[in-house]
Amino acid sequence: MAGEEGITNLGPVPVGMTFIDALDAVRGARKYRINPEHQSHRLTICETQREVWRIAETLPEPQRSQLQLLAGAAFDFGKRMNQRMIDLKASV
């Protein structure tokens, strides 16, 4: 979505770069960090990403790191989207 870069997403995947490499390149720009030790015991997007992270712990490399990179990024993007919805609702 135009105008949402840095709010709900961290931009486009640069030409010639894989999705995984692009996620890795912007890892430091995340606002929200996944805490796989936390368990909300609720059926939510964030808890699903924590579970993906925990399951990935049992896998060999490089699958472990790749899945944890994806889970961590999805957690950040989910929290960003949630905050954006809260902000939009407050502005009406």
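Residues numbered from 1 in each chain as written. Predicted model: local features only at pLDDT ≥ 70, side-chain atom pairs only at ≥ 80, totals over all residues. Heavy atoms only, no water.

Caption draft 1: Region of interest: the pattern of salt bridges. Inspection of every chain in the model, using the stated rule, returns six salt bridges. Salt-bridge contacts for Glu51 lead to Arg54; the nearest nitrogen and oxygen are separated by 2.9 Å. Residue Glu51 and its partner Arg54 are located together in helix 2 (residues 45-56), separated by three residues, close to a single helical turn. The structure contains a network of salt bridges with shared partners spanning Glu47, Arg50, Glu51 and Arg54. (Salt bridge = Lys/Arg side-chain N within 4 Å of Asp/Glu carboxyl O. Helix = DSSP H or I, 4+ residues; strand = E, 2+ residues; numbered from the N terminus.)

Caption draft 2: Geometry of the layout of surface pockets. Its boundaries defined by the atoms lining it, the largest pocket holds a volume of some 160 Å³. Lining the largest pocket are 13 residues, with Leu10, Gly11, Val13, Ala22 and Leu23 sitting closest to its centre. With four residues, helix 1 (residues 19-25) is the single largest residue contributor to the lining of the largest pocket. Residues that form the lining of the largest pocket fall into these classes: 11 nonpolar, two polar and no charged. (1 Å grid on protein atoms, 1.4 Å probe; cavity = no way out; pocket = protein on both sides within 12 Å on 5 of 7 lines; lining within 4 Å. Points joined across faces, edges and corners; volume = space filled by probe spheres on them. Nonpolar A, V, L, I, M, F, W, Y, C, P; charged D, E, K, R; others polar.)

Caption draft 3: Structural context of the side chain of Arg30. Position of Arg30 among the secondary structure elements: in the loop between helix 1 and helix 2. In this structure, Arg30 is buried with no salt-bridge partner, the nearest side chain bearing the opposite charge being Asp76 at 5.3 Å. Within polar-contact distance, the side chain of Arg30 engages the backbone oxygen of Leu69 at 3.3 Å. If sequence neighbours within four positions are ignored, Arg30 has contacts with Leu10, Leu69, Gly72, Ala73, Asp76 and Arg80. (Buried < 20%, exposed > 50% of the residue type's maximum accessible area, 1.4 Å probe, protein only. Lys, Arg positive; Asp, Glu negative; His and termini not counted. Polar contact = N/O pair within 3.5 Å; in protein donor to acceptor, adjacent residues only side chain to side chain. Contact = heavy atoms within 4.5 Å.)

Caption draft 4: Expanded view of the packing of helix 2 against helix 3 (residues 63-90). Across the interface, helix 2 lies against helix 3 with an axial gap of 9 Å and an inter-helix angle of 170°. Considering the angle they form, helix 2 stands roughly antiparallel to helix 3. Seen along the crossing, helix 2 lies across helix 3 with a hand that is left-handed. Between helix 2 and helix 3, the residues in contact are Cys46, Gln49, Arg50, Val52, Trp53 and Ala56 and Arg64, Leu67, Gln68, Leu70, Ala71, Gly72, Ala74, Phe75 and Lys79, respectively. For the contact of helix 2 with helix 3, the residue count by class is nine nonpolar, three polar and three charged. (Axes fitted to C-alpha atoms, helices over the stretch in contact; angles between N-to-C directions. Parallel < 35°, antiparallel > 145°, perpendicular 65-115°, else oblique. Left-handed = near helix turned anticlockwise from the far one by under 90°.)

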